[in-house]
Amino acid sequence: MVLQKVDLLKNEIPFEEESVVFSEDVKIGLVLVDIINGFCTVGAGNLAPREPNSQISEMINESARLATIFCDKEWPIMAFLDSHHPDKLEHPYPPHCITGTDESNLVPALQWLEREPNVTIRRKDCYDGYLGSMEEDGSNVFVDWVKTNQIKTLLVVGICTDICVLDFVCSTLSARNRGFLSPLEDVVVYSRGCATFDFPVSVARNTKDDIAHPQELMHHVGLYMAKGRGAKIAREVSFGAPEKP
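Predicted, not measured: the structure shown is a model, and the values here were computed from it. (Residues numbered from 1 in each chain as written. Predicted model: local features only at pLDDT ≥ 70, side-chain atom pairs only at ≥ 80, totals over all residues. Heavy atoms only, no water.)

For the rest of this paragraph, the subject is the overall build of the protein. Of regular secondary structure, the protein possesses seven helices and seven strands. In the protein, the order of α-helices and β-strands from amino to carboxyl end is α-β-β-α-α-β-β-α-β-α-β-α-α-β. Over its C-alpha trace the protein gives a radius of gyration of 18 Å, about what one expects of a compact globule, namely 18 Å for 245 residues. Judged by the C-alpha coordinates and their principal axes, the protein covers about 60 × 40 × 35 Å. (Helix = DSSP H or I, 4+ residues; strand = E, 2+ residues; numbered from the N terminus. Rg over C-alpha atoms; globule rule 2.2 N^0.38 Å.)

This brings us to the environment of Thr-172. When you line up the elements, Thr-172 lands in helix α5 (residues 164-177). Residues Thr-172 and Asn-105, spaced 67 residues apart in sequence, show a C-alpha to C-alpha distance of 24 Å. In this structure, Thr-172 is in contact with Tyr-130, Phe-142, Leu-154, Leu-181, Leu-184 and Val-187, ignoring residues within four places of it in sequence. (Contact = heavy atoms within 4.5 Å.)

Moving on to the sheet that holds strand β4 (residues 119-124). Ordered by their spatial adjacency, seven strands build an open sheet running β1-β7-β6-β5-β2-β3-β4, and the pairing between neighbours is parallel. Each having just a single partner strand, β1 (18-23) and β4 make up the two edges of the open sheet. Neighbour to neighbour, the strand axes of the sheet diverge by 35 degrees on average, direction disregarded. Against the sheet, helix α4 (residues 141-148) engages β2 (28-33), β3 (77-82), β4 and β5 (153-159), with an angle of about 170 degrees to β3. (Pairing = 2+ DSSP bridges. Axes fitted to C-alpha atoms, helices over the stretch in contact; angles between N-to-C directions.)

A ring pair, where both rings are aromatic, is described by two values, the distance of the centres and the angle of the planes. Using the criterion set out here, one finds ten aromatic pairs in the structure. Between Phe-70 and Phe-239 the ring centres are 5.9 Å apart and the planes differ by 80 degrees, which places this aromatic pair in the edge-to-face class. Of the two residues, Phe-70 sits in helix α3 (residues 54-72) while Phe-239 sits in strand β7 (residues 232-240), which places them 169 residues apart along the sequence. Aromatic rings pair up to connect Phe-80, Tyr-130, Phe-142, Trp-145 and Phe-168 into one cluster. (Phe/Tyr/Trp six-rings, centres within 6.5 Å; stacked < 30°, edge-to-face > 60°.)

In this model, helix α7 (residues 215-229) (15 residues) spans 21 Å end to end at C-alpha, consistent with the 21 Å of a helix rising 1.5 Å per residue. Taken as a whole, α7 has its buried residues at Gln-215, Leu-217, His-219, His-220, Gly-222, Leu-223 and Ala-226. Downstream of α7 by a residue or two, Gly-230 has a phi angle that is positive, lying close to 120 degrees. (Expected span 1.5 Å × (residues − 1). Buried < 20%, exposed > 50% of the residue type's maximum accessible area, 1.4 Å probe, protein only.)

All right, on to the UniProt feature "domain: Isochorismatase-like" (unreviewed entry) in the protein then. Mapped onto this numbering, the UniProt entry gives "domain: Isochorismatase-like" (unreviewed entry) at residues 30-198. In residues 30-198, helix accounts for 27% and strand for 20%; the two terminal C-alpha atoms are 26 Å from one another. (UniProt positions renumbered as here; feature names shortened; annotations may be inferred.)

Counted under the stated rule, the structure contains nine salt bridges. Here Glu-62 makes a salt bridge to Arg-65, at a shortest N to O gap of 2.9 Å. Residue Glu-62 and its partner Arg-65 are both found in helix α3; the two are separated by three residues, about one turn of the helix. Classification of Glu-62 by relative accessible area gives buried; the value is 10%. Given a relative accessible area of 34%, Arg-65 falls into the partly exposed group. (Salt bridge = Lys/Arg side-chain N within 4 Å of Asp/Glu carboxyl O.)

Quick look at the structure:
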């Protein structure tokens, strides 16, 4: 019954997913959003899954696969890691991913990225990686990364589809539209490389101050909203030979 309701809602707000082939002569950057223990590893914290989750597992596997391709090609990668000071929490969520804890570290399948020279790691203390890249002097680590690497296309994966991924994508597209991210042209969100958390209605009803968050529906909503802001949504991604002159 629950799945039938989700399917009905998806039919009311459909969107088109693309099969995206990236040409190797176009500068591409991979962005990994919060693929950390505190959101992905079973039992790792207040916002971690309580049991194995297939959507999160697929997201990790696909992200690791893409990261391997990008490292083999020495293409730029930026990894955002949620990392909060104990006195600066995010209402309404409970304490999570506290700076210096293993919750705020990459999942085991991606920890090797810390040793790769083409990888930039940015610890952020807010949902939005774009805002979380701001420095005290007014510079922005993410903006500088795009400009330094002359990135024209961003490929975005991570968690949560409808929260941190969506917030980052929306800010990035707004900045692109204002001309702050030249030469960036396209933002591609890979649906199988994204995931969100599951908090069923049946559980939320018995939990004070919490609201329901059905995983499949909110994943769909996050992708739908990103599409509405101007992102391309990819059901599959591949890499082709350079375009012929």
